[in-house]
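# Breakdown of the fold
Residue strings, one per chain:
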Amino acid sequence: MSSTDDGPARRPLVAILSGAGISTDSGIPDYRGPNGLWRRDPEAEKLVTYDTYMADPEIRRRSWRMRQESPAFRARPNAAHEAVARLERSGAPVRVITQNVDGLHQLAGMPARKVLELHGTAREVACTRCHARSTMAQALERVAAGDPDPACLVCGGILKSATVMFGERLDPQVLGEALGVAKAAEVFFAVGTTLQVQPAASLAGVAVEHGARLVIVNAEPTPYDALAAELVREPIGTALPRLLDALV
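Residues numbered from 1 in each chain as written. Predicted model: local features only at pLDDT ≥ 70, side-chain atom pairs only at ≥ 80, totals over all residues. Heavy atoms only, no water.

Here we come to the overall build of the chain. Within the chain, the regular secondary structure consists of nine helices and nine strands. Relative to a compact globule of 248 residues, whose C-alpha radius of gyration would be 18 Å, the chain shows 18 Å and is just as compact. The C-alpha extent of the chain, read off along each of the three principal axes, is 50 × 40 × 30 Å. A buried classification covers 46% of the 248 residues belonging to the chain. Of all intrachain contacts in the chain linking residues separated by at least 6 positions in sequence, the fraction that spans at least 24 positions is 64%. Of the roughly 11800 Å² of accessible surface on the chain, 52% is carried by carbon and sulfur atoms. (Helix = DSSP H or I, 4+ residues; strand = E, 2+ residues; numbered from the N terminus. Rg over C-alpha atoms; globule rule 2.2 N^0.38 Å. Buried < 20%, exposed > 50% of the residue type's maximum accessible area, 1.4 Å probe, protein only. Contact = heavy atoms within 4.5 Å. Areas by Shrake-Rupley, 256 points an atom, 1.4 Å probe, with all protein chains shown as cover.)

As a further point, take the domain arrangement of the chain. Segmenting the chain into domains produces domain 1 (9–28 + 77–119 + 169–247) and domain 2 (31–74 + 123–163). A C-alpha centroid distance of 26 Å is found between domain 1 and domain 2. Residue-level contacts link 11 residues of domain 1 with eight residues of domain 2. Counting the surface lost from both domain 1 and domain 2, the interface buries some 690 Å², and carbon and sulfur atoms represent 64% of this. At the boundary of domain 1 and domain 2, one finds zero salt bridges. Summed over the shared surface of domain 1 and domain 2, the result is one residue pair in polar contact (both at pLDDT 80 or more). (Domains from an automatic or database assignment. Buried area = accessible area lost by both parts, 1.4 Å probe. Salt bridge = Lys/Arg side-chain N within 4 Å of Asp/Glu carboxyl O. Polar contact = N/O pair within 3.5 Å; in protein donor to acceptor, adjacent residues only side chain to side chain.)

Across the sheet, six strands lie side by side as E3-E2-E1-E7-E8-E9; this open sheet has parallel pairing. At either margin of the open sheet sits one strand with a lone partner, and together these are strand E3 (115–117) and strand E9 (230–232). With direction set aside, neighbouring strand axes in the sheet form an average angle of 15°. Packed onto the sheet, helix H7 (residues 172–184) meets strand E1 (14–18), strand E2 (94–98), E3 and strand E7 (187–191) and runs at close to 135° relative to E3. Across the face of the sheet, helix H8 (residues 202–209) comes into contact with E2, E7 and strand E8 (213–217) while running at roughly 160° to E7. (Pairing = 2+ DSSP bridges. Axes fitted to C-alpha atoms, helices over the stretch in contact; angles between N-to-C directions.)

On to helix H9 (residues 236–247). At 3.6 residues per turn, the α-helix brings residues three or four places apart onto the same side. With 12 residues, H9 should cover 16 Å at 1.5 Å per step; its first-to-last C-alpha distance of 16 Å lies within 8% of that length. Residues Ile236, Gly237, Ala239, Leu240, Pro241, Leu243 and Leu244 constitute the buried set of H9. (Expected span 1.5 Å × (residues − 1).)

With that out of the way, let us pick up the pairing of E1. Most of E1 is tucked away: five of the five residues are buried. Burial along E1 is two-sided: Val14, Ile16 and Ser18 facing one way and Ala15 and Leu17 facing the other are all buried. One ladder, built from five bridges, connects E1 with E7; its direction is parallel. Bridge pairing links leucine 17 to alanine 190 in E7.

As a further point, take the UniProt feature "active site" (unreviewed entry) in the chain. Mapped onto the present numbering, the UniProt feature "active site" (unreviewed entry) falls on His119. In this structure, histidine 119 sits in the loop between E3 and strand E4 (120–127). Residue classification places histidine 119 among the buried positions, given a relative accessible area of 18%. With near-sequence residues (within four places) excluded, histidine 119 lies in contact with Thr98, Gln99, Val101, Ala162, Thr163, Val164 and Leu170. (UniProt positions renumbered as here; feature names shortened; annotations may be inferred.)

This part covers the layout of surface pockets. Roughly 390 Å³ of internal volume is contained in the second largest pocket. In terms of lining residues, the second largest pocket is bounded by 19 residues, among which Arg133, Lys160, Ala162, Thr163 and Val164 are the most central. Of all the elements in the fold, those that place two or more residues in the lining of the second largest pocket are E4 and strand E6 (159–163). Tallying contributions element by element places E4 first for the lining of the second largest pocket, with four residues. In the lining of the second largest pocket, the residues fall into seven nonpolar, six polar and six charged. (1 Å grid on protein atoms, 1.4 Å probe; cavity = no way out; pocket = protein on both sides within 12 Å on 5 of 7 lines; lining within 4 Å. Points joined across faces, edges and corners; volume = space filled by probe spheres on them. Nonpolar A, V, L, I, M, F, W, Y, C, P; charged D, E, K, R; others polar.)

You can see glutamate 88 is positioned in helix H4 (residues 79–89). For glutamate 88, the side chain forms a polar contact with the side chain of lysine 114, separated by 2.7 Å. Ignoring sequence-local partners within four residues, the contact set of glutamate 88 consists of Val94, Met110, Pro111 and Lys114.

Right, dumping it as structure tokens:
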């Protein structure tokens, strides 16, 4: 079954590209906004830069401490995530392409197979040598027990979160599926994203080129605003439920 095949009854495919802004109401700070993490603490970017992480044990220890303190693992889906899942439950063909690694779309009820995580997931860890995967919760239990830089239990290699760090390429299969969704969508929502990080941002342009109606829901202007059929600046937690419930 293709990623856009929802059975014989044809309804317009709704694609939703979500960025950090959709999760701020869940208590997860964004990265590039006016109060974003990278602006407040430029040094923090080193903790998620692949070459630095691999070369410096102290950076890895700091990274594990950051993961222990991350609000992402305590966060719950908010009204925007719930509205997306509600639209999917209504029978509408919906695909989520997310730049987020928090897993909140799935926690809200979106089937995992309908969520494309461009930047991976923070809820799992992966070995950089043998690629074995396990849960982040298991790794953080080892950190809490006194191991500041836990190694892979299979081969002893360096563990990292199963996210795409700076300096790593996106998974070509996931990106290919995302391009397919963008090309097939009749409505393409860009929600809570600055549309500045490529290649994710280019999906909005691809969707428009293939005939989609682009709706941008974001507090700040984006480079793709001129292509949008509708620009929504109001808070995502109220705007997105209104827009998606109207589609139902």
